[in-house]
Amino acid sequence: MRARKYHKKIEVWQTAPTSDGYGGNGVTTSLLTTSWCNLITENKSKIGNDEGESTTYETIIIQLRKRNDVTYTSDNQFFKYRGFIYRIKSNPVNVGFDDREIQITLERDSNA
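Residues numbered from 1 in each chain as written. Predicted model: local features only at pLDDT ≥ 70, side-chain atom pairs only at ≥ 80, totals over all residues. Heavy atoms only, no water.

### Brief notes about the pairing of strand β5 (residues 84-88)
Inspection of the sheet shows strand β4 (residues 77-81) paired to β5 by 4 bridges, in the antiparallel sense. Bridged to Y81 within β5 is F84. Of the pairings in the sheet, the one linking β5 to strand β7 (residues 101-108) comprises 3 bridges and is antiparallel in character. Bridging from a neighbouring strand, R87 pairs with E107 of β7. (Pairing = 2+ DSSP bridges. Helix = DSSP H or I, 4+ residues; strand = E, 2+ residues; numbered from the N terminus.)

The structure is reproduced here in structure tokens:
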């Protein structure tokens, strides 16, 4: 592992249902943790409809140290980087099977 490889800070957020106090439920988001990561950008174009218009999906790949206190799941977690929300697109991959580094592919949320 190269020194100072992880030079970008990313936030891991989690959503959870909560009672609103009036018999209904709401969704709250809370900061789970922050981590230092190596960020690789990918801009992929894909034809998205029958008319041939192309849609750009902003995809990033993050590499970060494996942590035993955080389990990454796409069900209720998302990442924030520079104010943009990124959804988990793939399961974490154990890089080199060393249990030191994981790699996750993220896709920018178009609603945020």
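There is more to say after this.
### Focus on the pattern of salt bridges
Summed over all chains, the structure comprises 7 salt bridges. Among the ionic pairs, K66 bridges to D99, the shortest N-O distance being 3.3 Å. Taken together, the positions of K66 in the loop between β3 (54-65) and β4 and D99 in the loop between β6 (93-94) and β7 put the pair 33 residues apart, joining distant regions of the chain. We classify K66 as partly exposed; its relative accessible area is 38%. (Salt bridge = Lys/Arg side-chain N within 4 Å of Asp/Glu carboxyl O. Buried < 20%, exposed > 50% of the residue type's maximum accessible area, 1.4 Å probe, protein only.)

### Quick look at the packing of aromatic side chains
Going through the model one piece at a time under the given rule, you end up with 2 aromatic pairs. Ring plane angle 25° and centroid distance 5.9 Å describe the contact between Y72 and F79, whose orientation is recorded as stacked. Directly above the aromatic system of W13 lies the positively charged group of K80, at a separation of 4.4 Å from the ring centroid. The residue whose ring lies beneath R108 is F84, and the NZ or CZ to ring-centre distance is 3.6 Å. (Phe/Tyr/Trp six-rings, centres within 6.5 Å; stacked < 30°, edge-to-face > 60°. Lys NZ or Arg CZ within 6 Å of the ring centre and 35° of its normal.)

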